[in-house]
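# Examining the three-dimensional arrangement
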Amino acid sequence: QFPPENIQPTAFYLHENGELSADMPQNEAPDNYVYHPENPTPYIGGTQFNLWNAGKRDNRQIEKRDDVLIYTTAPLSTPMEIIGYVRLQVYVYTDVACADFYGRLCDVHPDGRSYNICDGLMRLSKKATTPLPDGTYCIEVDMWATAHHFKAGHRLRLQIASAAHPRWARNLCVDEPFLTCTDYQVAHQQVFHDADHPSALLLPMVGM
(Lines give C-alpha, C1' and ligand atoms only; values in the text may rest on other atoms or scores of the structure.)
Protein backbone atom coordinates (compact mmCIF):
# COMPACT_ATOMS: atom_id res chain seq x y z
CA GLN A 1 0.00 0.00 0.00
CA PHE A 2 1.30 3.42 -0.93
CA PRO A 3 1.54 5.43 1.09
CA PRO A 4 1.48 3.12 4.16
CA GLU A 5 -1.22 3.49 6.80
CA ASN A 6 1.17 4.61 9.53
CA ILE A 7 2.07 7.92 7.86
CA GLN A 8 2.03 11.06 10.01
CA PRO A 9 1.92 14.27 7.94
CA THR A 10 4.46 16.56 9.61
CA ALA A 11 5.22 20.22 8.97
CA PHE A 12 8.74 21.65 8.96
CA TYR A 13 8.49 25.44 9.02
CA LEU A 14 10.72 27.94 7.27
CA HIS A 15 12.57 30.41 9.49
CA GLU A 16 14.99 33.30 9.17
CA ASN A 17 18.71 32.59 8.78
CA GLY A 18 17.90 29.60 6.59
CA GLU A 19 16.54 27.41 9.37
CA LEU A 20 13.97 24.64 8.96
CA SER A 21 12.28 23.19 12.06
CA ALA A 22 9.04 21.88 13.58
CA ASP A 23 8.61 25.17 15.51
CA MET A 24 6.09 27.71 14.24
CA PRO A 25 7.67 30.98 13.06
CA GLN A 26 6.94 34.21 14.91
CA ASN A 27 7.89 37.76 13.90
CA GLU A 28 10.34 37.26 11.05
CA ALA A 29 11.14 39.29 7.94
CA PRO A 30 10.63 37.68 4.51
CA ASP A 31 13.51 36.39 2.40
CA ASN A 32 14.18 37.96 -0.98
CA TYR A 33 15.83 36.92 -4.21
CA VAL A 34 15.93 38.05 -7.84
CA TYR A 35 15.11 35.78 -10.77
CA HIS A 36 16.64 36.63 -14.16
CA PRO A 37 14.99 34.83 -17.12
CA GLU A 38 18.18 35.26 -19.16
CA ASN A 39 20.06 33.24 -16.50
CA PRO A 40 17.51 30.73 -15.16
CA THR A 41 18.41 28.51 -12.23
CA PRO A 42 19.68 25.24 -13.77
CA TYR A 43 18.22 21.82 -13.03
CA ILE A 44 20.57 19.01 -12.06
CA GLY A 45 19.81 15.42 -11.10
CA GLY A 46 16.26 14.23 -10.60
CA THR A 47 13.94 11.90 -12.48
CA GLN A 48 14.69 12.99 -16.05
CA PHE A 49 16.25 10.00 -17.79
CA ASN A 50 16.96 11.95 -20.97
CA LEU A 51 19.37 14.33 -19.21
CA TRP A 52 23.04 13.41 -18.89
CA ASN A 53 23.19 14.62 -15.28
CA ALA A 54 19.97 13.00 -14.04
CA GLY A 55 19.65 10.97 -10.85
CA LYS A 56 21.32 11.62 -7.50
CA ARG A 57 23.63 14.64 -7.64
CA ASP A 58 25.45 16.88 -5.17
CA ASN A 59 23.54 20.19 -5.13
CA ARG A 60 26.09 22.39 -3.35
CA GLN A 61 26.99 24.42 -6.44
CA ILE A 62 23.33 25.19 -7.14
CA GLU A 63 22.77 26.15 -3.50
CA LYS A 64 25.49 28.82 -3.74
CA ARG A 65 23.51 30.80 -6.33
CA ASP A 66 21.94 34.13 -5.37
CA ASP A 67 18.60 33.05 -6.88
CA VAL A 68 18.23 30.00 -4.59
CA LEU A 69 17.00 30.10 -0.98
CA ILE A 70 17.91 27.19 1.29
CA TYR A 71 16.42 26.15 4.63
CA THR A 72 18.11 23.41 6.64
CA THR A 73 17.28 21.49 9.82
CA ALA A 74 19.66 20.77 12.66
CA PRO A 75 21.37 17.35 12.45
CA LEU A 76 18.90 14.57 13.20
CA SER A 77 19.37 12.91 16.59
CA THR A 78 17.56 9.76 15.38
CA PRO A 79 16.86 8.32 11.91
CA MET A 80 13.77 9.50 10.02
CA GLU A 81 11.80 7.87 7.22
CA ILE A 82 9.34 9.49 4.85
CA ILE A 83 7.07 7.59 2.43
CA GLY A 84 4.44 9.32 0.35
CA TYR A 85 3.67 12.69 -1.18
CA VAL A 86 5.80 15.74 -0.35
CA ARG A 87 4.26 19.20 -0.54
CA LEU A 88 5.44 22.76 0.00
CA GLN A 89 2.90 25.29 1.25
CA VAL A 90 4.51 28.70 0.97
CA TYR A 91 3.47 32.35 1.18
CA VAL A 92 5.04 34.44 -1.55
CA TYR A 93 4.94 37.77 -3.34
CA THR A 94 6.20 38.63 -6.81
CA ASP A 95 6.29 41.92 -8.69
CA VAL A 96 5.64 40.33 -12.11
CA ALA A 97 2.45 39.05 -13.74
CA CYS A 98 3.58 35.42 -13.87
CA ALA A 99 6.23 33.62 -11.82
CA ASP A 100 7.39 30.10 -11.05
CA PHE A 101 8.17 28.76 -7.59
CA TYR A 102 10.24 25.60 -7.39
CA GLY A 103 10.90 23.42 -4.33
CA ARG A 104 13.43 20.61 -3.85
CA LEU A 105 14.06 18.37 -0.83
CA CYS A 106 17.65 17.29 -0.19
CA ASP A 107 19.48 14.98 2.22
CA VAL A 108 22.55 16.77 3.62
CA HIS A 109 25.34 14.43 4.74
CA PRO A 110 27.61 15.24 7.70
CA ASP A 111 30.40 16.26 5.28
CA GLY A 112 28.12 18.83 3.61
CA ARG A 113 27.13 16.94 0.47
CA SER A 114 23.53 17.79 -0.44
CA TYR A 115 21.72 15.13 -2.48
CA ASN A 116 18.36 15.67 -4.19
CA ILE A 117 15.38 13.51 -3.22
CA CYS A 118 12.27 14.99 -4.88
CA ASP A 119 11.09 18.28 -6.31
CA GLY A 120 8.30 20.16 -8.07
CA LEU A 121 7.30 23.48 -9.59
CA MET A 122 4.17 25.64 -9.45
CA ARG A 123 3.42 28.45 -11.93
CA LEU A 124 1.71 31.44 -10.31
CA SER A 125 -0.36 33.67 -12.58
CA LYS A 126 -1.73 36.80 -10.94
CA LYS A 127 -4.53 36.82 -13.51
CA ALA A 128 -5.73 33.38 -12.39
CA THR A 129 -4.88 33.49 -8.65
CA THR A 130 -6.54 35.58 -5.96
CA PRO A 131 -4.15 37.19 -3.47
CA LEU A 132 -4.69 37.30 0.27
CA PRO A 133 -5.87 40.64 1.76
CA ASP A 134 -2.26 41.68 2.41
CA GLY A 135 -1.27 41.08 -1.23
CA THR A 136 0.65 37.84 -0.67
CA TYR A 137 -0.19 34.51 -2.29
CA CYS A 138 -0.47 31.17 -0.52
CA ILE A 139 0.57 28.51 -3.00
CA GLU A 140 1.19 24.79 -2.84
CA VAL A 141 3.98 23.10 -4.74
CA ASP A 142 3.51 19.40 -5.46
CA MET A 143 6.99 17.96 -4.94
CA TRP A 144 5.91 14.47 -6.01
CA ALA A 145 6.26 11.24 -4.08
CA THR A 146 9.26 9.56 -2.49
CA ALA A 147 10.42 6.95 0.00
CA HIS A 148 13.60 7.96 1.79
CA HIS A 149 15.54 7.13 4.95
CA PHE A 150 17.46 9.97 6.60
CA LYS A 151 20.26 8.70 8.82
CA ALA A 152 21.01 10.13 12.25
CA GLY A 153 23.43 13.04 11.92
CA HIS A 154 22.04 14.00 8.50
CA ARG A 155 20.00 17.14 7.87
CA LEU A 156 16.95 17.94 5.74
CA ARG A 157 17.25 20.84 3.32
CA LEU A 158 14.66 22.69 1.28
CA GLN A 159 15.59 24.68 -1.81
CA ILE A 160 13.31 27.39 -3.20
CA ALA A 161 13.94 29.00 -6.58
CA SER A 162 12.02 30.32 -9.57
CA ALA A 163 13.39 28.03 -12.27
CA ALA A 164 14.56 24.48 -12.85
CA HIS A 165 15.82 24.72 -16.41
CA PRO A 166 15.63 22.77 -18.71
CA ARG A 167 13.26 20.32 -17.01
CA TRP A 168 10.70 23.12 -16.89
CA ALA A 169 10.81 25.84 -19.52
CA ARG A 170 12.04 29.11 -18.06
CA ASN A 171 9.36 31.62 -17.09
CA LEU A 172 9.68 34.94 -18.92
CA CYS A 173 7.52 36.63 -16.26
CA VAL A 174 5.28 38.44 -18.74
CA ASP A 175 1.59 38.04 -19.50
CA GLU A 176 2.10 36.79 -23.05
CA PRO A 177 2.17 33.35 -24.75
CA PHE A 178 5.61 31.90 -24.06
CA LEU A 179 5.95 30.33 -27.53
CA THR A 180 5.70 33.68 -29.30
CA CYS A 181 6.92 36.08 -26.61
CA THR A 182 10.04 38.10 -27.41
CA ASP A 183 10.23 40.07 -24.15
CA TYR A 184 10.91 39.22 -20.51
CA GLN A 185 10.96 40.83 -17.07
CA VAL A 186 13.25 40.36 -14.09
CA ALA A 187 11.26 39.13 -11.06
CA HIS A 188 11.79 40.23 -7.47
CA GLN A 189 10.51 37.42 -5.24
CA GLN A 190 9.66 37.30 -1.56
CA VAL A 191 9.13 34.22 0.63
CA PHE A 192 7.33 34.87 3.91
CA HIS A 193 7.67 32.93 7.16
CA ASP A 194 5.99 34.50 10.19
CA ALA A 195 3.01 33.88 12.44
CA ASP A 196 0.56 35.07 9.75
CA HIS A 197 2.43 33.33 6.93
CA PRO A 198 3.65 29.96 8.28
CA SER A 199 5.36 28.59 5.17
CA ALA A 200 6.07 24.90 5.62
CA LEU A 201 7.48 21.78 4.01
CA LEU A 202 4.90 18.99 4.55
CA LEU A 203 6.49 15.57 4.89
CA PRO A 204 4.84 12.09 5.09
CA MET A 205 6.73 10.75 8.10
CA VAL A 206 6.56 7.08 8.99
CA GLY A 207 5.11 6.62 12.50
CA MET A 208 7.40 5.06 15.05
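Check the entry above for the structure.
The residue numbering used here restarts from 1 in each chain and proceeds along that chain's sequence as written. Only residues with pLDDT of at least 70 are given local features in this predicted model, and only at 80 or more are side-chain atom pairs given and counted; all residues enter the totals for whole chains, interfaces and linings. The side-chain numbers reported here are obtained from all heavy atoms of the structure, hydrogens and water having been left aside.

### Comments concerning the overall build of the protein chain
Secondary structure assignment for the protein chain yields one helix and 11 strands. Going along the chain from the N terminus, every DSSP run of H or I of four or more residues is numbered as a helix, and every run of E of two or more is numbered as a strand. The secondary structure elements of the protein chain, listed N-terminal to C-terminal, are β-β-β-α-β-β-β-β-β-β-β-β. What you see for the protein chain is a C-alpha radius of gyration of 17 Å, in line with the 17 Å of a compact globule of 208 residues. Along the longest, intermediate and shortest principal axes, the C-alpha atoms of the protein chain span 50 × 45 × 35 Å. Throughout this description, buried means an accessible area under 20% of the type-specific maximum (1.4 Å probe, protein chains only), exposed means over 50%, and partly exposed covers the range between. Here the protein chain, with 208 residues, has 49% of them falling under the buried criterion. Working rule for contacts: check all heavy atoms of both residues, and any pair within 4.5 Å makes them a contact. Considering only residue pairs separated by 6 or more positions, the protein chain has 79% of its internal contacts joining residues 24 or more positions apart. As defined in this context, the radius of gyration uses C-alpha atoms, and a globule is described by 2.2 Å times the residue total to the power 0.38.

### A look at the nonpolar core
Judged by nonpolar contacts, the single largest core of 36 residues is most densely connected at L105, L158, I160, V191, L201 and L203. Setting aside chain neighbours within four positions, we find L105 in contact with I82, Y115, N116, I117, C118, M143, F150, R157, L201 and L203. Membership of the second largest hydrophobic core comes to eight residues, among which are Y43, I62, V68 and A164. Buried residues of nine kinds, namely Ala, Val, Leu, Ile, Met, Phe, Trp, Tyr and Cys, make up a nonpolar core once their side-chain atoms join them within 4.5 Å.

### Here we look at the environment of V92
Tracing the chain through its elements places V92 in strand β5 (residues 80-94). Residue V92 is classed as buried on the basis of its relative accessible area of 0%. Considering only alpha carbons, one finds V92 and I139, 47 residues apart in sequence, at a separation of 7.6 Å. Not counting the four nearest positions on each side in its chain, V92 is found in contact with F101, L124, T136, Y137, I139, Q190, V191 and F192.

### Digging into the packing of aromatic side chains
Between two aromatic rings, the relevant description is the distance of the centres plus the angle of the planes. Planes of paired rings set the category: under 30 degrees apart is stacked, over 60 is edge-to-face and the rest tilted, where pairs are Phe, Tyr or Trp rings (Trp by its six-membered ring) whose centres lie within 6.5 Å. Within the structure shown, the criterion is met by four aromatic pairs. Ring plane angle 75° and centroid distance 5.7 Å describe the contact between F2 and Y85, whose orientation is recorded as edge-to-face. A residue pair is termed long-range when its members are at least 10 positions apart, and F2 in the segment before β1 (7-14) and Y85 in strand β5 qualify at 83 residues. Overall, F2 belongs to the partly exposed group, its relative accessible area being 44%. Looking at Y85, the relative accessible area reads 48%, which means it is partly exposed. Aromatic rings pair up to connect Y43, Y102 and W168 into one cluster. Lysine and arginine charges are scored as sitting over a ring when NZ or CZ, respectively, is within 6 Å of the ring centre and within 35 degrees of the ring normal. The ring of Y115 has K56 lying over it, and the distance from NZ or CZ to the ring centre is 4.5 Å. Sitting above the plane of the W144 ring, R167 keeps its charged end 4.7 Å from the centroid.

### Side note on the pattern of salt bridges
Salt bridges are counted wherever a side-chain nitrogen of Lys or Arg sits within 4 Å of a carboxyl oxygen of Asp or Glu. Tallied over the full model, the rule gives nine salt bridges. Among the salt bridges present, the one from D58 reaches R60, with a minimum N-O distance of 2.6 Å. Overall, D58 belongs to the partly exposed group, its relative accessible area being 27%. Assessed through its relative accessible area of 36%, R60 is described here as partly exposed. R104 is the salt-bridge partner of D119, the closest N and O atoms lying 2.7 Å from each other. Within this pair, whereas D119 is found in strand β7 (residues 114-125), its partner R104 is found in strand β6 (residues 98-108), the two being separated by 15 residues in sequence. Salt bridges sharing common partners tie together R104, D119 and R167.

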